[in-house]
Amino acid sequence: NAGVMQNPRHLVRRRGQEARLRCSPMKGHSHVYWYRQLPEEGLKFMVYLQKENIIDESGMPKERFSAEFPKEGPSILRIQQVVRGDSAAYFCASSLYRGFYNSPLHFGNGTRLTVT
Amino acid sequence: QQQVKQSPQSLIVQKGGISIINCAYENTAFDYFPWYQQFPGKGPALLIAIRPDVSEKKEGRFTISFNKSAKQFSLHIMDSQPGDSATYFCAASTDAGNMLTFGGGTRLMVKP
């Protein structure tokens, strides 16, 4: 039973380029969450999606960042015109249904984005 | 209102000792308090979680203590082992909420 799969594991982009981060949730999971972790810091919530819908994007920067979770295929976190401050580890998590206690979050191993 | 404060930032414990990590929250609506363990290069993995209807929950060597009136909860690792060396994150949420709010993390090192 595969866990949450994220790719690529490492991504290097030059300033101004676009970064696309992919997340395949655990089998049967339709709730996806994206978190960002800066070096030596905790995880900061970015966005919560349920198939084809953005439920909560209160943690997403207003510009350059977008997320989607289409009916078919992985969830995508897209960062346009990257800047050095975007360098971080981006983690995706999934859950089977709503209600954390009975359906806890399962995290992937993250994508480490480096902007040069 | 949404913050979760975690301490200490780092902790060194001898093998066999007790590791204690503390968290405090502000939002009284929070009713789900998990602890996650993260090894370098890996994603966080759920270790143990508690709801405020109990004051303590134990799973093996790991225990969560919860103090609702003080809005604090802590993780105790008994008989700490070198393999427990990792970063630990507390988190809080409403059970049906849209997100977990994480503490800043504690880097634990258990010396042999």
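Look up: the structure comes first, before these words.
The structure presented is a predicted model; accordingly, all values stated were derived computationally and were not measured.

## Section: the state of the cysteines
Residue and element names in this part refer to chain A.
Next, step 1: Summed over the entire model, instances satisfying the criterion amount to 2 disulfides over all chains.
Next, step 2: Linked covalently through their sulfurs, Cys23 and Cys92 form a disulfide whose S-S length is 1.8 Å. Because the torsion about its S-S bond is -55 degrees, the bridge between Cys23 and Cys92 counts as left-handed. Of this pair, Cys23 sits in strand β3 (residues 19-24) while Cys92 sits in strand β9 (residues 88-95), placing them 69 residues apart in sequence.

## Focus on the interface of chain A and chain B
Reports of interface size often rely on the accessible area that becomes lost once the parts have come together.
Next, step 1: Listed as interface residues are 24 residues of chain A and, on the opposing side, 25 residues of chain B.
Next, step 2: In this assembly, chain A packs against chain B so that about 1,900 Å² is buried in total across both faces, 53% of it on carbon and sulfur atoms.
Next, step 3: Contact with chain B buries area across many residues of chain A, yet Leu43, Phe100 and Tyr101 of chain A alone supply 34% of it, more than any other trio.
Next, step 4: Run the count over chain A and chain B and you get 0 salt bridges.
Next, step 5: Taken together, the connections running from chain A to chain B amount to 9 residue pairs in polar contact (both at pLDDT 80 or more).
Next, step 6: Sorting the residues of the side of chain A that touches chain B by element identifies β4 (31-37), β5 (43-50) and β6 (53-56) of chain A as the ones contributing at least two each.
Next, step 7: For the side of chain A that touches chain B, the residue count by class is 12 nonpolar, 6 polar and 6 charged.

## Some points on the environment of Thr63 of chain B
All names here are of chain B.
Next, step 1: Looking at the element boundaries, Thr63 is found in strand β7 (residues 62-67).
Next, step 2: With relative accessibility at 8%, the residue Thr63 sits in the buried group.
Next, step 3: In sequence terms Thr63 and Ala49 are 14 residues apart; their C-alpha atoms lie 9.4 Å from each other.
Next, step 4: Here Thr63 is in contact with Glu56, Lys57, Lys58, Ser74, Leu75 and His76, once residues within four sequence places are set aside.

## Description of the sheet that holds strand β3 (residues 19-25) of chain B
Residues and elements named next belong to chain B.
Next, step 1: In spatial order, the strands read β1-β3-β8-β7-β6; together these 5 strands make up an open sheet with antiparallel pairing. Two strands lie at the open edges of the sheet, namely β1 (4-7) and β6 (56-59), each paired on one side alone. Neighbour-to-neighbour, the strand axes of the sheet open up by a mean angle of 15 degrees, direction not taken into account.
Next, step 2: Relative to β3, β1 runs antiparallel, the two being bridged by 4 bridges. By the bridge assignment for β3, Ser7 is matched with Asn22.

Cut-offs applied
Residues numbered from 1 in each chain as written. Chains lettered and ligands numbered in written order. Predicted model: local features only at pLDDT ≥ 70, side-chain atom pairs only at ≥ 80, totals over all residues. Heavy atoms only, no water. Disulfide = S-S within 2.5 Å. Helix = DSSP H or I, 4+ residues; strand = E, 2+ residues; numbered from the N terminus. Contact = heavy atoms within 4.5 Å. Buried area = accessible area lost by both parts, 1.4 Å probe. Salt bridge = Lys/Arg side-chain N within 4 Å of Asp/Glu carboxyl O. Polar contact = N/O pair within 3.5 Å; in protein donor to acceptor, adjacent residues only side chain to side chain. Nonpolar A, V, L, I, M, F, W, Y, C, P; charged D, E, K, R; others polar. Buried < 20%, exposed > 50% of the residue type's maximum accessible area, 1.4 Å probe, protein only. Pairing = 2+ DSSP bridges. Axes fitted to C-alpha atoms, helices over the stretch in contact; angles between N-to-C directions.

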